[in-house]
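Remarks on the overall topology
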Amino acid sequence: MNEWFLIGILILLPIAVFSGYRIGKKQSSQPRSSSSSLSSNYIKGLNYLLNEQPDKAVDTFIDLLQVDTDTVDTHMALGHLFRKRGEVDRAIRLHQNIIARPQLSKQNHNKALYELAVDYQAVGMYDRASNLFNKLLAEPKHKKDSLHQLLNIYQATRDWEQAAKTAEQLEIVMGEKQTKPIAHYYCELATEKKDKKDIKAALATIKKSMAANPNSVRASLLQGDLYFEDGNYKAAIKSYSRLLEQDIAFLPEALENLKHAYLNKKDEKGYYKFLQQSLEKGAGVSALIELSVIVQKEKGDKAAAELIGVYLKDKPSLKGLHQLISLHIEHAQESAKPSLQLLDGIVEKLVERKPRYVCHNCGFSGRIIHWQCPSCKDWSSIKPIQGIEGE
């Protein structure tokens, strides 16, 4: 017996017993032919069940049962089973059948309405699902769950404006803290405006993100990118510099633009001081490599190699090792160069193949940053990997 058959047994046996009871009760008041028909269908359903054909048994017993106060919970359980098995079309049909019964209480009607909305959502019929969830917002028992489901739909459809409004409702009405996701929704909106080259509108939207979450790393990065693209290098540097206090692990995301911002301001010394300050605050190997490039330019390969070597003693890093080997190759004896080049190539491949980011919630990893984890759908859970294989 497979898992689904066992589940079918657990759900269908109570149905079978209850069906038999109702049939027996009705036989005294119904015509003989009607009673025989019910009994025949009941036996047929049991045969399907005993022959490990739960799907056919389910359909047979559903035909036997009327939807009323006594059976609605059983129908709900079956609908949930169908949806879990991926048979959403059957779940939809069952829940629609429940809703069509005028004798049901309002409570059961709303419960079936909610389940039907979840069915629609499961198959991507988002318009129908959102219409039902919006109707249920007026029902106190379903308001919280409906808001959460609407939030999932707006995220799936990338309707970030509605997602922000819904999250704000959850925060105000239900008292659930939503500062992180709200900040991300506004960042998504700002990114859309940035892609349309509407820098002014994008900057205004970023301010909403920061109002929701002043410690948003993503908002600081995006604001810095917008100022940089607009040629406001002083403001870009100020935005990026907030990362030192917010989460210094994300500094590598800004280093390229930071370097060019300082260079465009003709302030290479300022960039040098910024990198020194960053390392003092715990920045990773990417900041060290940037600093070593400046040292190499001003004082030569040996000074740059010494700088990296001192750092690697305390904080081993494949990226740092790759940079160190590259510096030594030029000055190595001819007999040693092939071995160093081979080692350098191996380390480089290791660095290229290793993931750069990991989700601290579910463990998902990859080489590009996702502000919402593709696996667990959590926001702000993915961060740069630290240690020997990362920063």
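So, here's what we can say about the structure. Sequence order sets the numbering: in each chain, residues are counted from 1 along the sequence as written. Two thresholds apply to this predicted model, a pLDDT of at least 70 for residue-level local features and 80 or more for giving and counting side-chain atom pairs, whereas whole-chain, interface and lining totals are computed over all residues. Just so you know, side-chain values use all the structure's heavy atoms and leave hydrogens and water out.

**Some remarks on the pattern of salt bridges**
Operational definition: Note on definitions: salt bridges are taken to be side-chain nitrogens of Lys or Arg within 4 Å of carboxyl oxygens of Asp or Glu. Elements are defined by DSSP. Helices are runs of H or I of four residues or more, strands are runs of E of two residues or more, and each kind is numbered from the N terminus.
Taken as a whole and judged by the stated rule, the model has 15 salt bridges. For K194, the salt bridge goes to E229, with nearest N and O atoms at 3.5 Å. With a gap of 35 residues between them, K194 in helix α10 (residues 179-195) and E229 in helix α12 (residues 217-229) connect regions that are remote in the sequence. A salt bridge links K383 to D247; the shortest N-O distance between them is 3.6 Å. Taken as a pair, K383 in strand β3 (residues 382-384) and D247 in the loop between α14 (243-246) and α15 (255-264) lie far apart in primary sequence, 136 residues in all.

**Thoughts on empty space enclosed by the protein**
What counts here: Here a cavity is any set of points on a 1 Å grid over the protein atoms alone where a 1.4 Å probe fits but cannot get out, and a pocket is any open set with protein on both sides within 12 Å along at least 5 of 7 lines; a residue lines the site when it has an atom within 4 Å of a point. Grid points are joined across faces, edges and corners, and a volume is the space filled by probe spheres set on the points.
Taken as a whole and assessed by the stated rule, the structure comprises one cavity of 30 Å³ or more. Lining the largest cavity are I248, A249, L251, P252, A283, G284, A287 and E391.

**Concerning the sheet that holds strand β2 (residues 365-366)**
Note: strands within a sheet are paired through backbone hydrogen bonds, in either parallel or antiparallel orientation. What counts is decided by this rule: Following DSSP output, two strands are said to pair if at least two bridges run between them.
The strand order across the open sheet formed by three strands is β2-β1-β3, and the pairing between neighbours is antiparallel. Each end of this open sheet is capped by a strand with a single partner; those strands are β2 and β3. Summarising the sheet, strand β1 (residues 357-359) and β3 pair through three bridges and their orientation is antiparallel. Within β3, the residue paired with C359 across the bridge is I382.

**Points about a nonpolar patch on the surface**
Spelled out, the test is: By definition, no residue in a patch forms a salt bridge, and every one has over 30% relative accessible area; like charges are joined within 9 Å, nonpolar side chains (Val, Leu, Ile, Met, Phe, Trp, Tyr) within 5 Å. Areas reported here follow the Shrake-Rupley algorithm with a probe of radius 1.4 Å; residue values treat only the protein chains shown as occluding.
A cluster of nonpolar side chains, contributed by I172, V173 and M174, occupies part of the molecular surface with about 280 Å² of accessible area. Mapped onto the secondary structure, M174 falls in the loop between α9 (160-173) and α10.

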